[in-house]
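Inside the fold
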There are 8 protein chains.
Amino acid sequence: MHPTSVHDLDFAQLDIGREQRQGLPEVVYGPGKTSEQISAITAELLRHNSGPVLVTRVAADTAAEVLGQVPGGSYDATARLLVWRPAATQDFALTVVSAGTSDLPVASEAAAVATAVGLAVTAVHDVGVAGLQRVLRIQEQLRESDTVIVVAGMEGALASVVGGLVGCPVIAVPVSTGYGASFEGVTALLAMHASCAAGLTVVNIDSGFGAAMAAHRLAWVGRRRA
Amino acid sequence: MHPTSVHDLDFAQLDIGREQRQGLPEVVYGPGKTSEQISAITAELLRHNSGPVLVTRVAADTAAEVLGQVPGGSYDATARLLVWRPAATQDFALTVVSAGTSDLPVASEAAAVATAVGLAVTAVHDVGVAGLQRVLRIQEQLRESDTVIVVAGMEGALASVVGGLVGCPVIAVPVSTGYGASFEGVTALLAMHASCAAGLTVVNIDSGFGAAMAAHRLAWVGRRRA
Amino acid sequence: MHPTSVHDLDFAQLDIGREQRQGLPEVVYGPGKTSEQISAITAELLRHNSGPVLVTRVAADTAAEVLGQVPGGSYDATARLLVWRPAATQDFALTVVSAGTSDLPVASEAAAVATAVGLAVTAVHDVGVAGLQRVLRIQEQLRESDTVIVVAGMEGALASVVGGLVGCPVIAVPVSTGYGASFEGVTALLAMHASCAAGLTVVNIDSGFGAAMAAHRLAWVGRRRA
Amino acid sequence: MHPTSVHDLDFAQLDIGREQRQGLPEVVYGPGKTSEQISAITAELLRHNSGPVLVTRVAADTAAEVLGQVPGGSYDATARLLVWRPAATQDFALTVVSAGTSDLPVASEAAAVATAVGLAVTAVHDVGVAGLQRVLRIQEQLRESDTVIVVAGMEGALASVVGGLVGCPVIAVPVSTGYGASFEGVTALLAMHASCAAGLTVVNIDSGFGAAMAAHRLAWVGRRRA
Amino acid sequence: MHPTSVHDLDFAQLDIGREQRQGLPEVVYGPGKTSEQISAITAELLRHNSGPVLVTRVAADTAAEVLGQVPGGSYDATARLLVWRPAATQDFALTVVSAGTSDLPVASEAAAVATAVGLAVTAVHDVGVAGLQRVLRIQEQLRESDTVIVVAGMEGALASVVGGLVGCPVIAVPVSTGYGASFEGVTALLAMHASCAAGLTVVNIDSGFGAAMAAHRLAWVGRRRA
Amino acid sequence: MHPTSVHDLDFAQLDIGREQRQGLPEVVYGPGKTSEQISAITAELLRHNSGPVLVTRVAADTAAEVLGQVPGGSYDATARLLVWRPAATQDFALTVVSAGTSDLPVASEAAAVATAVGLAVTAVHDVGVAGLQRVLRIQEQLRESDTVIVVAGMEGALASVVGGLVGCPVIAVPVSTGYGASFEGVTALLAMHASCAAGLTVVNIDSGFGAAMAAHRLAWVGRRRA
Amino acid sequence: MHPTSVHDLDFAQLDIGREQRQGLPEVVYGPGKTSEQISAITAELLRHNSGPVLVTRVAADTAAEVLGQVPGGSYDATARLLVWRPAATQDFALTVVSAGTSDLPVASEAAAVATAVGLAVTAVHDVGVAGLQRVLRIQEQLRESDTVIVVAGMEGALASVVGGLVGCPVIAVPVSTGYGASFEGVTALLAMHASCAAGLTVVNIDSGFGAAMAAHRLAWVGRRRA
Amino acid sequence: MHPTSVHDLDFAQLDIGREQRQGLPEVVYGPGKTSEQISAITAELLRHNSGPVLVTRVAADTAAEVLGQVPGGSYDATARLLVWRPAATQDFALTVVSAGTSDLPVASEAAAVATAVGLAVTAVHDVGVAGLQRVLRIQEQLRESDTVIVVAGMEGALASVVGGLVGCPVIAVPVSTGYGASFEGVTALLAMHASCAAGLTVVNIDSGFGAAMAAHRLAWVGRRRA
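Source: prediction; values computed, not measured. (Residues numbered from 1 in each chain as written. Chains lettered and ligands numbered in written order. Predicted model: local features only at pLDDT ≥ 70, side-chain atom pairs only at ≥ 80, totals over all residues. Heavy atoms only, no water.)

1. Describing the overall build of chain A
From N to C terminus, chain A includes 9 helices and 11 strands. Here chain A has a C-alpha radius of gyration of 18 Å; the compact-globule value for 226 residues is 17 Å, and the two agree. Expressed along its principal axes, the backbone C-alpha trace of chain A runs to roughly 50 × 45 × 30 Å. Across the 226 residues in chain A, those meeting the buried criterion constitute 69%. When the accessible surface of chain A is totalled, it reaches about 6,900 Å², and 53% of it is carbon and sulfur. Computing the positive centroid from 14 side-chain charges and the negative centroid from 20, chain A places the two 7 Å apart. (Helix = DSSP H or I, 4+ residues; strand = E, 2+ residues; numbered from the N terminus. Rg over C-alpha atoms; globule rule 2.2 N^0.38 Å. Buried < 20%, exposed > 50% of the residue type's maximum accessible area, 1.4 Å probe, protein only. Areas by Shrake-Rupley, 256 points an atom, 1.4 Å probe, with all protein chains shown as cover. Lys, Arg positive; Asp, Glu negative; His and termini not counted. Charge placed at Lys NZ, Arg CZ, Asp CG, Glu CD.)

2. Remarks on helix α7 (residues 157-165) of chain E
Extensive coverage of α7(E) is indicated by the burial of 9 of its 9 residues. Residues E:Ala157, E:Leu158, E:Ala159, E:Ser160, E:Val161, E:Val162, E:Gly163, E:Gly164 and E:Leu165 constitute the buried set of α7(E).

3. Focus on the side chain of G:Thr147
All names here are of chain G. Along the polypeptide, threonine 147 turns up in strand β9 (residues 147-152). Looking at threonine 147, the relative accessible area reads 0%, which means it is buried. Apart from the residues within four sequence positions on either side, threonine 147 is in contact with Phe92, Ala93, Leu94, Thr95, Cys168, Pro169, Ile171 and Leu218. (Contact = heavy atoms within 4.5 Å.)

4. Comments concerning the relation of the copies chain G and chain A
Of the two same-sequence chains, chain G is brought onto chain A (RMSD 0.0 Å, axial shift 0.0 Å) by a rotation of 90°. Those values place the two copies in the arrangement expected of a four-fold rotation axis. Taking C-alpha positions as reference, the residue of chain G nearest the rotation axis is G:Phe183, located at 8.1 Å. (Least-squares fit on C-alpha atoms with pLDDT ≥ 70 in both.)

5. Things to note about the sheet that holds strand β3 (residues 28-29) of chain A
Residues and elements named next belong to chain A. Sheet architecture is open: 4 strands sit in the order β3-β4-β6-β5, paired in mixed fashion. Where the open sheet ends on each side, the last strands, each with one partner, are β3 and β5 (74-76). Its contacts with the sheet place helix α3 (residues 60-69) against β5 and β6 (81-84), and it is angled at close to 20° to β6. (Pairing = 2+ DSSP bridges. Axes fitted to C-alpha atoms, helices over the stretch in contact; angles between N-to-C directions.)

6. Details of the relation of the copies chain A and chain F
Once chain A is rotated about the relating axis by 180° and shifted along it by 0.0 Å, it coincides with chain F to within an RMSD of 0.0 Å. Such values leave the two copies arranged in the relation of a two-fold axis. Most of the interface of chain A is mirrored in chain F: 100% of its interface residues are interface residues there too.

7. Concerning the interface of chain G and chain A
Taken together, the contact pairs 16 residues of chain G with 22 residues of chain A. For the pairing of chain G and chain A, the buried interface totals around 1,600 Å² over both sides, and the portion due to carbon and sulfur atoms is 51%. Area buried by chain G at its contact with chain A is led by G:Gln133, G:Arg137 and G:Tyr179, which between them contribute 42% of it. For the interface between chain G and chain A, the tally reads 2 salt bridges. Here A:Asp8 and G:Arg137 are joined by a salt bridge, their closest N and O atoms 3.5 Å apart. Connecting chain G to chain A are 12 residue pairs in polar contact (both at pLDDT 80 or more). Considered class by class, the residues forming the side of chain G that touches chain A number 8 nonpolar, 5 polar and 3 charged. (Buried area = accessible area lost by both parts, 1.4 Å probe. Salt bridge = Lys/Arg side-chain N within 4 Å of Asp/Glu carboxyl O. Polar contact = N/O pair within 3.5 Å; in protein donor to acceptor, adjacent residues only side chain to side chain. Nonpolar A, V, L, I, M, F, W, Y, C, P; charged D, E, K, R; others polar.)

8. Topic: unusual backbone geometry
For residues besides glycine, phi is generally negative; the peptide bonds are generally trans as well. For C:Asp126, which is not a glycine, the phi torsion comes out positive at approximately 65°. Considering the arrangement of structural elements, one finds C:Asp126 in the loop between β8 (120-124) and α5 (133-136). C:Asp126 gets classed as buried once you look at its relative accessible area, which sits at 9%. Of note, the phi angle at F:Arg85 is positive, near 50°, even though the residue is not glycine. Mapped onto the elements of the fold, F:Arg85 is located in the loop between β6 (81-84) and β7 (93-98).

9. Observations concerning the packing of helix α2 (residues 35-48) of chain C against helix α3 (residues 60-69) of chain C
Residues and elements named next belong to chain C. For the pair α2 and α3, interaxial distance at closest approach is 9 Å and the crossing angle is 40°. Between α2 and α3, the angle is such that the two are oblique. For the element pair α2 and α3, the recorded crossing hand is right-handed. In this structure, α2 uses Ser35, Glu36, Ile38 and Ser39 to contact α3, whose residues at the interface are Thr62, Glu65, Val66 and Gln69. (Parallel < 35°, antiparallel > 145°, perpendicular 65-115°, else oblique. Left-handed = near helix turned anticlockwise from the far one by under 90°.)

10. Here we look at the interface of chain A and chain F
Frequently, the measure chosen for interface size is the accessible area that the parts lose on association. Listed per partner, the contact involves 39 residues of chain A and 40 residues of chain F. Interface area, chain A with chain F, both sides summed: about 3,200 Å², of which 49% is carbon and sulfur. The tally of links between chain A and chain F comes to 0 salt bridges. Taken together, the connections running from chain A to chain F amount to 22 residue pairs in polar contact (both at pLDDT 80 or more).

11. Observations regarding the sheet that holds strand β4 (residues 53-56) of chain H
Residue and element names in this part refer to chain H. On the basis of which strands lie adjacent, the open sheet formed by 4 strands has the order β3-β4-β6-β5 and mixed pairing. Whereas interior strands pair on both sides, the edge strands pair on one side only; in this sheet they are β3 (28-29) and β5 (74-76). Where β3 meets β4, 2 bridges bridge the pair, whose relative direction is parallel. Following the sheet pairing, valine 28 is matched in β4 by valine 55. Along the sheet, helix α3 (residues 60-69) contacts β5 and β6 (81-84); its crossing angle with β6, the most-contacted strand, is approximately 20°.

12. Observations regarding the pattern of salt bridges
Per the counting criterion, the structure on display carries 48 salt bridges over all chains. The residue F:Asp15 makes a salt bridge to F:Arg18 at a minimum N-O spacing of 3.0 Å. According to the relative accessible area criterion, F:Arg18 is buried, its value standing at 10%. One salt-bridge network, held together by shared partners, links A:Asp15, A:Arg18 and A:Arg21.

13. Remarks on the packing of aromatic side chains
One pass over the full model with this rule turns up 8 aromatic pairs over all chains. Between A:Tyr29 and G:Tyr179 the ring centres are 6.1 Å apart and the planes differ by 20°, which places this aromatic pair in the stacked class. Of this pair, A:Tyr29 sits in strand β3 while G:Tyr179 is found in the loop between β10 (170-174) and α8 (186-193), placing the two residues in two different chains. Geometry around C:Tyr179 places E:Arg57 over its ring, the cationic atom sitting 4.2 Å from the centre. (Phe/Tyr/Trp six-rings, centres within 6.5 Å; stacked < 30°, edge-to-face > 60°. Lys NZ or Arg CZ within 6 Å of the ring centre and 35° of its normal.)

14. Quick look at the arrangement of the chains
With respect to C-alpha atoms, chain A approaches chain D no nearer than 13 Å, and the pair has no contact. What separates chain B from chain G at the closest point of their C-alpha atoms is a distance of 13 Å, and the two make no contact.

And the structure:
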């Protein structure tokens, strides 16, 4: 870890060494930053790294301003994601399944980030366990995956069901949908941790981004070993 | 509601009118009462009512003392239940399913209380969703039930799965098994409330008794209408 | 459970088998869906099922758009409910009681959904326990019910009182009214679970819909047996 | 407030001025103190004050040791209370009602402390709202009280019901009985605060002592005015 | 309790018997009611009772509409209170103290309601314990009170300090001011319950109304005995 | 998923299909089971599967009884783990790092389970961030790992630091050590979810077992692809 | 503590003695006060004290109005701080480090308040532990500080890392940034309290002001001793 | 930070560089360590450092065993603290005040640790705010302190009162005494954070050790500057 692997932007200190350490440049978290700040950070990240540069949770108008200042990128409105230099798709099959239509934004972020960093993504929506035949009929798809991301709000039971069906890594993303006892995703987060399906792992509420990054770590170590 | 339908025992005021109002004498909650108190209450309930008399959550030694003082009852050690004058079994099919072996004590209480008040109970244990084929292969049993009680700790996902499979009433009982994020049954309780399966109802943590009583209410109104 | 009982709409997978399994087509949860999505789902549900089709928690302007695209339905503004093909009223007496005027929207949802699926509903408002004569004077109405739904915010004590007065099933709905220690309905939810009245069951906070669906399950099993 | 109204015992600083300020000597909280410490404190309080001296939550063996060292007192085992120089009973009618037999220890503490400081106490046990006729038949007793203390665990609904029946001050004491969603008295505490009965006040969980002291404040100001 | 002491307004059932039971007509909680509903309720309450009629937490524009429909009342904008037929001031000295300027709205509600029901109110603002001389210099005022209401947000320490200075009843009102660890008044509520000053009682967060009603109960019983 | 892949033991239904689905026979959770039950389950699992059979969280005396009835296994007292037929070590480098000496039991469970299922485990203890040089000097070890499990109680900061140092998958295990604001591991669990290091995943509190199973999933999919 | 050291403004009672007791006049908390109230308070504080007068958390438009009425002050828009008569910079080196760009507003408040009361402040932004080289390369700066304020949201791990690097006082400020499991700063607050770095102290969530005041206390006692 | 400043004990990695970085050798946290482990760690710490060596929260029997193996130390049973080579007392006046007799163990730990690291400690017990004259009469002592540690359970109001009386650093220690709404010290912790006294800092619940270490940091930086 070289102390010099930092680019100082006064309001931010870019971690220039991250691409070498982790196989991916630092990803920018959009909320709370002005379009000028995002543009300045993005330009430097593009200059100091060679891989994909991403900004998450960007509103459409901010995205337009940034793309005007830092050309060459593209914006995914559903995923609220800005991407420059997306990675070529590698041989790593990731399936993103979501329980209900309200989980779509988070599932979209997971799929878009994973695609941008080079994973081969298949998304299947609305397979909640209240109609169990919906998840049972995609068992083949699930079993051929290298990793499955399960996106679910309310009680999050889909994670347990999928976790029991497949042997590959399952990354559960609790979603802040639902009302009352859903407690903004806390119930799903706790339920996923208490799951009877062994070996599930969990990321933060609504963090489609975090799940995609966890999948990237899986793919990266596999690639390194290949 | 007659003000005189109370039998005053100094330390307790027995609700003598309950059998007429609700089809079942007052049930005694055992914890915190001495065997003398339980015996006194039980004797009076037997005298003032004609139906089954139950005491829940009784330790084995206390039960032996009470049975010595108030003969004619029987004790179920697994369910920790004392029963006098159990009701004849009526035509109401109740299935009690539980997710794991740790849920057995609560499932046993539900089954024993329901049997004592006259329901026709079938119990199926250890059908947690991590091995989904276990619940799928009892679908016929579930579909022929008048009511299903689902007993589950940890994340409680079995309630959602059963709730989606059948159209009859499903009463979910969260159990205080599990550790860490299970929070003594709170996670299961919240998850059951946030369930994507419409029309589930939920009772208190570990309350096999409460679930059986809810089933009794269902059967009672049906019987009244018949 | 036939894997083919799914209608795939890309953004949603309709559970076409639900009417056969549970006596009622899938009910659509409105929030987060566009009027186009609701219209598309509704049209398919009407085509693949024969019973009532409902959309819950729909704003007035969205409802108007949907009704323009899928004619034949009606909108209940208080309950925020869209209904097509309401069921004929069957012989099942449901009473919906609410504690205060702030509980009206939730009580209305319960009553409207229950009516749409064919229950015979009577609603009684504003019978909170601070003026106990209000609930005492409707005892006859309560005792003649097949099921009572109790809708109450704040401390939710009405559920315990009604639960002690009647022997039929009592479904408690905590409401997110009140302030401070009411904690958006959490206090009422916990209090209803901790109730001293045996055999109460509880649904999610503000879920008039869930309570009506639980009542539908009760009526359905009764009808099946008849 | 005189800086000199303190008696310094090294490990404790007795508030000698309290009797003058509040009409009652400092009351000793027993837990965590040795019998030697309790004896030393008690002896000084008896010396520096003229009114009743109380020690709360004392185990039987500790109480016996203290009474051996500081004669003239008496011990109430149910209330776990030591008292020296109890006050003469004044004209202030306090009723202590409790919901279930598990609430007896807390109700006993309230009654014993209130009696020791001179209030005229009537206690009525086991009048929980699941059998509403039990509280309705003591309405006359409640209405003739100067203050009512309501002791209730579980959902604490008795406080709301009593609060609606009478116009005098009602002090609610949540009790840590019950299980699951009772959360060691927290649910009752919150429910009592969220009560629909206006003008209830609440004290700490299990604090029969606190309720009795609140009643003493009421009586004291009345006496001062007389 | 006469079953006929109810006036049925369809959307509300007025508790006409309350004035006789509790010395004050039912008080109307404004939020969630239309000006038409408030006017209808108010008119009936004025007709069926003889004492003061109050509506709490009313916005200025709603208040103007109601006063246009039900003349003779007055509106206090700070306290957001509508009052008709305020009671004559009786001989009961109530002091309302508040800790900081942010506590003023709640303190104002307490003072205005208490004044409307006939208590003799003195209000002292901004005497938080960070500058202890502020509360010490009003000790005389506090000691001559029949009851003190302490209104405090943040950590609510003023309640403990006042509780230790006086012997009369102290009613603590936690306020939802502060940020972070203040948790919208929950910290103050818990701190007031855990107070080392014996005999404090507590009402709901921000409930100046509740504190005033508790004071009214104190005064009412005193008056009844006089 | 074949409905017949269940072995029915009356009190338990063994999921015989799990080894085929997930590469490992069902693992037995010890608490709440008698040694007879564990022996019966273990014998059947050994008979119906070919891979390793594990029982977690077994006390020493129970373990001795089981080994007497089901020979051929071994017991690890620190990890409280029973193992029969451990898997041959495969080429998958797992590093288990723990923050403090109190985290040892959980780290031991993770290491022992992972070893039993065939991973090549290196454990490094006591590298908490309060002495940052301890983790910095093992960077090489961490970077050469295929996966790192981070076991930490208190504030769990080690997970963030390790997550920032390496690009491979990092599985964080919160531990219930610490006191006060550690809240039995809840603070560490939440902190790990809120971590600024992207792509961390988290398992349940104290679940060394869960972390090892998550690592097994990673290795299994890699092996399948090889 | 002189009872007369209060200036009574009707709606507020200024603590005129605070400058003498604590080395700094009372600081005004802006939210909830009108510009007229702030102006009145500020004018009196300037008249009765000789040191700096500050108003925190003031919106820009309010600030402009106040400065129009009470000339001579200045407004820092980032820190939302109004200052009159800032103190001369004394020999006390305070470093404010923050973890991410979202922590800037809180870090700015800390730096601005500390500067206004006379501390020599250096601010370093965006040194979160996910890129550990960023904090390692400022070790010299940290070690030469008299006190370090660490401002961090999410999991707050920076506080533990800095706490382990330096021997001077470290004041941790949790920030309400992050989402999901960050719980508006609560996770960071708890994590900082559970930190493995001994001797950290913590202030309220988002309280840059509180941290600066704690630093002022440190400097003041040092100055007094000099 | 030298990577070599670690002494590796297999089960523990001693941070040998801490004395140089922070002016004090690593302090050993006793719970969960055997007397052999404590002895081994202590012996190495004594060998590699020159300053005081401390072990906290040690039971009496463990302490005796350790002292037998590592001579020269002493044990303070009240503080549960082992000390070797206590530091000479320096010119830094620390006052430890506690609110009630139940706070004594925590206050003793704070005082004993602070004394061992060389601070001049004065302890004053039982000055809770319910008898305010107790803290008012020690104002002189408080004002002459370089730092005050306030130890308080229940509602922790003493911290706010002391914080308002003095200008020096005030370190608040919440204590897990009290019952019910005290929530094992959580209420005191939150109340101390929400305190109206500016510039208080807070340490973990029951952490007399943490408060003493924070005081040591204050003294150390002062000494360094002298």
